[in-house]
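Understanding the architecture of this molecule
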Amino acid sequence: MQALADLILEGRPVQHHRPWPRTIVDPMVWTSATVALAEGHWTLLGLWGETAAIHMALLEEPTGTIGVISLEELEGGYPSVAQYHPPALRPERAIHDLVGLVSKDLPDPRPWLDHGRWGLRFPLGDRLPPPPETAPYAFLRSEGDSLHQIPVGPVHAGIIEPGHFRFTANGETIVRLEERLGYVHKGIEALMVGASLDRAVQLAGRTSGDSTVTYAYAFSRAVEAALQLEVPSRAGWLRALMAELERLANHLGDIGAICNDAAFPLMHTHCGVLRERALRAADTAFGHRLMRDRIKPGGVIADLDHEGAAALRAVATEIGQTFPALVELYDNTASLQDRTVGTGMLRPELAHQYGAGGYIGRASGRGFDVRRALGYPPYNSLLFEIPVLHEGDVNARVWIRIREVEQCLSLIAQILDQLPAGPVSIDIPDIGETREGMALVEGFRGDVFVWLRVAESGRIDRCHLRDPSWFQWPLLEAAIEDNIVADFPLCNKSFNCSYSGHDL
Amino acid sequence: MRKLLFESMIRVPLTERAPSRSDAAMEELASAVDNAARRHLGRSLSIRAVDAGSCNGCELEMHALSNAFYDIERFGIRFVASPRHADVLMVTGPVTRNMREALERTYNATPGPKWVVALGGCARDGGCFAGSYAVVGGVSAVIPVDLHIPGCPPSPADILKGLLALLEHVTMGTHAS
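Residues numbered from 1 in each chain as written. Chains lettered and ligands numbered in written order. Predicted model: local features only at pLDDT ≥ 70, side-chain atom pairs only at ≥ 80, totals over all residues. Heavy atoms only, no water.

Chain B appears in an unreviewed UniProt entry as Hydrogenase from Ensifer adhaerens. Quoted verbatim from the Cofactor (unreviewed entry) field of the UniProt record, the comment on chain B reads "[4Fe-4S] cluster". In its Sequence similarities (unreviewed entry) section, UniProt records this for chain B: "Belongs to the complex I 20 kDa subunit family." (UniProt positions renumbered as here; feature names shortened; annotations may be inferred.)

Per an unreviewed UniProt entry, chain A is named Hydrogenase expression protein HypE, and its organism is Ensifer adhaerens.

**Description of unusual backbone geometry**
All names here are of chain A. Here the residue pair Arg 18 and Pro 19 is connected by a cis peptide bond, since its omega of 0° sits within 30 degrees of zero. Note on placement: Pro 19 falls in the loop between strand S2 (17-18) and strand S3 (22-24). Cis geometry marks the peptide bond from Gly 153 to Pro 154; its omega dihedral reads 15°. Even without glycine at this site, Ser 146 takes up a positive phi of about 60°. Assignment of secondary structure puts Ser 146 in the loop between strand S8 (103-104) and strand S9 (147-152). Ser 146 gets classed as exposed once you look at its relative accessible area, which sits at 60%. (Helix = DSSP H or I, 4+ residues; strand = E, 2+ residues; numbered from the N terminus. Buried < 20%, exposed > 50% of the residue type's maximum accessible area, 1.4 Å probe, protein only.)

**A short note on the sheet that holds strand S2 (residues 77-79) of chain B**
All names here are of chain B. Reading across from one edge, S2-S1-S3-S5-S7 is the order of the 5 strands in this open sheet, with parallel pairing throughout. Two strands close off the open sheet at either side, each with one partner strand: S2 and strand S7 (147-149). Between one strand axis and the next, the sheet turns by 30° as a mean value, whatever way the strands run. In this structure, strand S3 (residues 88-92) lies alongside strand S5 (residues 115-119), joined through 5 bridges in parallel fashion. Bridge assignment links Val 88 to a residue of S5, and that residue is Trp 115. The strands that helix H4 (residues 57-64) touches are strand S1 (45-51), S2, S3 and S5; relative to S3, the one it contacts most, it runs at about 140°. Helix-sheet contacts for helix H5 (residues 100-109) involve S1, S3 and S5, and the interaxial angle to S3 is about 165°. (Pairing = 2+ DSSP bridges. Axes fitted to C-alpha atoms, helices over the stretch in contact; angles between N-to-C directions. Contact = heavy atoms within 4.5 Å.)

**A look at the packing of helix H7 (residues 233-261) of chain A against helix H9 (residues 306-332) of chain A**
All names here are of chain A. Orientation of H7 relative to H9, taken along the N-to-C sense of each, is 30°, at an axis distance of 13 Å. Between H7 and H9, the interaxial angle falls into the category roughly parallel. Our pair here, H7 against H9, has a crossing hand that is left-handed. Two secondary-structure elements touch here, H7 through Leu 241, Leu 245, Leu 248, Leu 252, Ile 255 and Cys 259 and H9 through Leu 312, Ile 319, Phe 323 and Tyr 330. (Parallel < 35°, antiparallel > 145°, perpendicular 65-115°, else oblique. Left-handed = near helix turned anticlockwise from the far one by under 90°.)

**A few points about the interface of chain B and chain A**
Taken together, the contacts link 47 residues of chain B with 53 residues of chain A. Both faces combined, the contact of chain B with chain A buries some 4000 Å², and carbon together with sulfur accounts for 63% of it. Counting every contact that joins chain B to chain A gives 3 salt bridges. A salt bridge links A:Arg117 to B:Glu101; its shortest N-O distance comes to 2.6 Å. Counting across the interface, chain B meets chain A through 23 residue pairs in polar contact (both at pLDDT 80 or more). Sorting the residues of the side of chain B that touches chain A by element identifies helix H1 (2-10), S1, H4 and H5 of chain B as the ones contributing at least two each. Broken down by element, the side of chain B that touches chain A gets its largest block of residues, 7 residues, from H4(B). Its residues assigned to classes, the side of chain B that touches chain A shows 27 nonpolar, 12 polar and 8 charged. (Buried area = accessible area lost by both parts, 1.4 Å probe. Salt bridge = Lys/Arg side-chain N within 4 Å of Asp/Glu carboxyl O. Polar contact = N/O pair within 3.5 Å; in protein donor to acceptor, adjacent residues only side chain to side chain. Nonpolar A, V, L, I, M, F, W, Y, C, P; charged D, E, K, R; others polar.)

**Notes on the confidence of the model for chain B**
Parts of the model with low pLDDT should not have their predicted coordinates read in detail. All names here are of chain B. Residues at a pLDDT of 70 or more form 86% of chain B, whose mean pLDDT is 87. No element of chain B has a lower mean pLDDT than helix H3 (residues 35-41), at 56, and none a higher one than strand S4 (residues 95-96), at 98. Across the interfaces of the predicted complex, the ipTM metric reaches 0.94, alongside a pTM of 0.94. (pLDDT = per-residue confidence, 0-100.)

**Some words on the domain arrangement of chain A**
Residues and elements named next belong to chain A. When the domains of chain A are assigned, the result is domain 1 (4-104) and domain 2 (188-503). Between the C-alpha centres of domain 1 and domain 2 there is a distance of 26 Å. Listed by partner, the interface residues are 27 residues for domain 1 and 29 residues for domain 2. Taken together, both faces of the contact between domain 1 and domain 2 bury some 2500 Å²; the carbon and sulfur share is 60%. When residues of domain 1 are sorted by the area they lose upon contact with domain 2, Arg 18, Trp 48 and Arg 90 head the list and together hold 27% of the total. Linking domain 1 with domain 2 are 4 salt bridges, by the criterion used here. Of the charged contacts, one joins Glu 50 and Arg 453 as a salt bridge, the two residues approaching to 2.8 Å between their closest N and O atoms. Where domain 1 touches domain 2, the interface holds 12 residue pairs in polar contact (both at pLDDT 80 or more). Mapped onto the side of domain 1 that touches domain 2, the elements with two or more residues apiece are S2, strand S4 (43-50), strand S5 (53-60), strand S6 (65-71) and helix H3 (89-99). Its residues assigned to classes, the side of domain 1 that touches domain 2 comprises 15 nonpolar, 7 polar and 5 charged. (Domains from an automatic or database assignment.)

What follows is the structure in structure tokens.
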């Protein structure tokens, strides 16, 4: 078995790509990487295209090695990754829709993000006129006695993002779920092309609203990697503080909402109170409840003052005191456990195959967390545990969140105790040459991956943003099998994948 | 569980005083509602949320309206599951081309009298996504809008102020002077 580091050496290295190498390889090397992915040696971090190149970011988990391989001679298409490694399927369909690159032997050539309504084709490629007529989307077939279909969405019966779910059920039991997404596709990657860094970080922070800190954080780190900037130490610590607050608020909201979907609103009410307190403290400390537009390339836009730090300390203390009673309530309510235990099982093999991040991976035995794996500052000097369970059911995903809430509280206290003094941003220098950078940042849902190229002018030439949901949505289809239709909201909420982050 | 419930009984409620209605919203609404509609509704509004392309930030703050601090149901305002049951469509996001038809169909499925609230900066004019090949623009580019609530996302207090203005306008017949 070849090491990823050796595979990277087989290609022609690209200058100015940081912090990990990118090499241009031939189709043979590309295919051998595909096979290594399929055999489970490496994890697919991202797959994206440009008019004349396709890129694949790879991770070798045991060694923490990361690298990007690119294929440039694409006449007649590129060798499909998905034909051997199914997690690449939706990315390849999206690449065709956005760029027009053809994947040879793609097992499922249906469009994914392109619903035939944009008025053009290949917005990141040649921008061709649309075909005169679009065929209706062909859902996968399910055949058998007594099967019926339930179409749901895109508009759902709650305050939820839009997407279409096609259930095939036998009585109450789901035999197949097929997702159709792309409804909230906003063309963010095309808007990025030619954008100034100020505008681009604003767009990145609006890729998925619940992860606005994580996206701005990852985008900024990718720019800083490309331009070889080191942000002041205090800025790094403040970014982590915001990221932990975001994680805390989202997990509190999710724990309550999952219980609410199991008809137990008491948890929802109490978790909602704690979430609101966390958001108010964030508002006091950073001037925005969701901390939107607070992180930029070079640092952060506002410093934390004494009053803000006090508000954060107070809220961490209060949640630390109140939360254990809620955990006990969750653990001791038999009717609630009856709904969550054994429901929506995700097998560990699938979590590993897809490289599922966040609570979805960690509830199914995959403990990958970029805060630990890459140890970007200040996480290399903070103490925290990464909870891992193996059951893979809704209950396990709730418990991972519970344990992570506890870790967030500890991290917030540690950061406030050790926050270094000093400036909180530096100016972006004029580099005057093309640079490429990438970054991975751990959001509440998993690792957000950003790859970008900054042009000579200092503007964005190409930026790819990969939400953790890309490798989680397909797993929901697997986890829901053999569950009853009435448990779908519960399973879906326990996954809580992002529609906007996925659709872009 | 008993201890938790008991504590909630003896504790001071967390629910905060109602914010005053937004004057800007009253002005925008002045021409939108007729008296017959007011009589139909009584002091109650049923809202159907429609995400037409948002980043989900507005949805988070819409959810917050139901927490103990804002407790939106005390004003007779509630979120319903079907456009058939709704008086108000609360639409978020720049309207994407892929959601345009779903938004139109939801609007057509809502019986009159009905109002449309466009929530957030993107719902006004497409926000930072305006001009994209995948975006139509603000909500008013697709269906008529009665009230805009600005913000990115608007805070729950701001949403509440706007909705209270709508409620007052609809039920009391007061026009902004």
